[in-house]
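# Results of the structural survey
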Amino acid sequence: MIKRVVGYRSLGLAAVATALMLASPASDAQSVSKGVAKTLAAAQTASKSRRWGECLGKLREAEGSGGLSAYDQFVINELRGFCALSSGDNGTAIRAYEANLGSQYASNKGARVKALMQLHYNARNYPRAIEYGRQAQKGGFADGDVNTLMAQSFYQQGDFKATRAFTADLISQAERRGQAPRQNYLQLNLNACIKLKDTACETAGFEKLVTYYPNPEGWASLMQSMLKGGPDVTLLNSFRLASEVGALTRGSDYTEHAQLALERGLPGEALSVMETAFARKAFTEQRDIDRNTRLLNPAKGRVAADKAGLAAADRTAAASASADDDLRVAQAFMSYGQNAQAVAAAERAVRKNNGKTPGEAQLVLGLAQLMSGNKAAASKAFKAVKGDPSLERVAKLWALRAQ
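Residues numbered from 1 in each chain as written. Predicted model: local features only at pLDDT ≥ 70, side-chain atom pairs only at ≥ 80, totals over all residues. Heavy atoms only, no water.

## Some remarks on the overall build of the protein
The secondary structure content of the protein amounts to 23 helices and zero strands. Compactness check: the protein gives a C-alpha radius of gyration of 32 Å against a globular reference of 22 Å for 403 residues, more than 25% above the reference. Each of the three principal axes of the protein carries a C-alpha extent, and together these read 105 × 45 × 30 Å. The buried share of the protein, taken over its 403 residues, is 48%. Put simply, 59% of the contacts in the protein that link residues at least 6 apart link residues at least 24 apart. Accessible surface, the protein: about 18700 Å² in total, of which carbon and sulfur atoms supply 49%. Both charge centroids of the protein, one from 52 positive and one from 37 negative side chains, sit 4 Å from each other. (Helix = DSSP H or I, 4+ residues; strand = E, 2+ residues; numbered from the N terminus. Rg over C-alpha atoms; globule rule 2.2 N^0.38 Å. Buried < 20%, exposed > 50% of the residue type's maximum accessible area, 1.4 Å probe, protein only. Contact = heavy atoms within 4.5 Å. Areas by Shrake-Rupley, 256 points an atom, 1.4 Å probe, with all protein chains shown as cover. Lys, Arg positive; Asp, Glu negative; His and termini not counted. Charge placed at Lys NZ, Arg CZ, Asp CG, Glu CD.)

Printed below as a string of structure tokens:
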């Protein structure tokens, strides 16, 4: 299960100082009052040589001389912020830059607000970081980095409900624009759902992650969240998808998959599942090995009779009015790799359109077409699954595999 927080990459000191538009030493030295020009020039020379303590000392000296103009104080604060930040004194840097935020000489307020937000976040002052994020939003210069930092601040201060709501809105905005949401929005939203023990939100979060940023870890986590129960037909098709994406890792998953297949009259699928489990050494305890061996052997015995009677069962299903007979035959054909016959039987089930579970015929047709290599037709069938919300969810994920 993915439970880590996607960290916001903090800006380096130089990047923060640049964002705060540090005034150039040359122009500052020429523009400040004559009484402090020499002292400020010495402070700037010290800063160029990375003598931060000397820089700060000279600034204190200049400030103590009295008679400062507003511009003198602005330059002192800018240089103090830079030297303090460079020496690791974030508190002094923050106070200096905050003092200049409302100055008439401060250019690029948006960059300053965003950099101060970063500095407060670095100092773990998350409420203040959020305040600056709100300022950025109000000022119209909040960007993806600001939004991520706000979400991360909500999360770090333990306000998981705010994290969930804030990131959900960002995700919705991106989707309405027809864009993929940022991965860190999705991950933070998922992390908040996990912290809140919101299972439905957690599953939906994993779905969005594999939709926009598919990877084996995301698929494995999603499938484990979906294998916790539900209608048998949905669960069986979830196990099939988990197997397809390599997300069956627990011995109990293989056992349940095989049992569901047997209950649906599919010994070929059950046998394949159990043989895979034993080949992968999914069962480590002797009692589990014995128990699943007792499941494996009956499946072997039933496969021979099932395969021998499959052609006759296919003819009977074709003549039957029930779509469920065709569905059983279609899935049996698939379990033996006879995909063309599986497609034909599933197509009959779709035409009859009277199966017990709405949408199952389209889902099985999609599976058969996918197994036969026709991804375009499979995708079309998966997208046509309607009537059962849980099955629609599984079909949507199968459609991703058909892309």
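## Describing the packing of aromatic side chains
To describe a pair of aromatic rings, you give the distance between the ring centres and the angle between the ring planes. The full count for this structure, using the stated rule, is nine aromatic pairs. In textbook terms, an aromatic cluster arises when at least three aromatic residues are bridged by ring pairs, as seen for Tyr 71, Phe 74 and Tyr 105. Over the ring of Trp 219 we find Arg 401, and its NZ or CZ is 5.7 Å from the ring centre. (Phe/Tyr/Trp six-rings, centres within 6.5 Å; stacked < 30°, edge-to-face > 60°. Lys NZ or Arg CZ within 6 Å of the ring centre and 35° of its normal.)

## Quick word on the layout of surface pockets
Remark: the empty space left among the atoms is shown by a probe the size of a water molecule rolled over them. Counted as a void, the largest pocket has a volume near 430 Å³. If you trace the largest pocket, you find 18 residues lining it, with Arg 240, Ser 243, His 257, Glu 269 and Met 371 closest to the centre. Contributions of two or more residues to the lining of the largest pocket are made by α14 (232-244), α15 (251-263), α16 (267-279), α19 (323-335) and α21 (360-371). A breakdown of the residues in the lining of the largest pocket according to their chemical character gives seven nonpolar, seven polar and four charged. (1 Å grid on protein atoms, 1.4 Å probe; cavity = no way out; pocket = protein on both sides within 12 Å on 5 of 7 lines; lining within 4 Å. Points joined across faces, edges and corners; volume = space filled by probe spheres on them. Nonpolar A, V, L, I, M, F, W, Y, C, P; charged D, E, K, R; others polar.)

## Describing helix α13 (residues 216-226)
Across the 11 residues of α13, eight count as buried, placing the element largely inside the fold. The set of residues buried in α13 consists of Gly 218, Trp 219, Ser 221, Leu 222, Met 223, Gln 224, Ser 225 and Met 226. The secondary structure elements touched by the buried residues of α13 are α12 (199-212), α14, α15 and α23 (389-401). If you check the start of α13, you find a side-chain oxygen 2.6 Å away from the backbone N of Gly 218, and it comes from Asn 215. (Polar contact = N/O pair within 3.5 Å; in protein donor to acceptor, adjacent residues only side chain to side chain.)

## With respect to the pattern of salt bridges
Applying the stated criterion across every chain yields a total of 19 salt bridges. Between Asp 198 and Arg 164 there is a salt bridge, and its shortest N-O distance comes to 2.9 Å. Pair noted here: Asp 198 is in the loop between α11 (183-195) and α12 and Arg 164 is in helix α10 (residues 160-176), with a separation of 34 residues, a long-range link. Salt-bridge contacts for Asp 326 lead to Arg 348; the nearest nitrogen and oxygen are separated by 2.8 Å. Here Arg 348 lies in helix α20 (residues 339-352) and Asp 326 lies in helix α19, a separation of 22 residues in the sequence. The same class applies to Asp 326 and to Arg 348, which are both buried. Each of Asp 314, Asp 326, Arg 348 and Lys 352 takes part in salt bridges that share partners, so that together they form one network. (Salt bridge = Lys/Arg side-chain N within 4 Å of Asp/Glu carboxyl O.)

## Re helix α4 (residues 52-63)
Side chains of residues three or four places apart in an α-helix project in the same direction, reflecting 3.6 residues per turn. Here α4 spans 17 Å end to end across 12 residues, near enough to the 16 Å set by a 1.5 Å rise per residue. Considered for burial, the residues of α4 that qualify are Trp 52, Cys 55, Leu 56, Leu 59 and Ala 62. On an axial view of α4, the arc spanned by its buried residues comes to 120°, and they lie on one face. Along α4, the residues that are exposed and aim more than 90 degrees away from the buried face are Gly 53 and Arg 60. On the buried face of α4, the contacting elements are α3 (34-48) and α5 (70-87). (Expected span 1.5 Å × (residues − 1). Arc of directions from axis to C-beta.)

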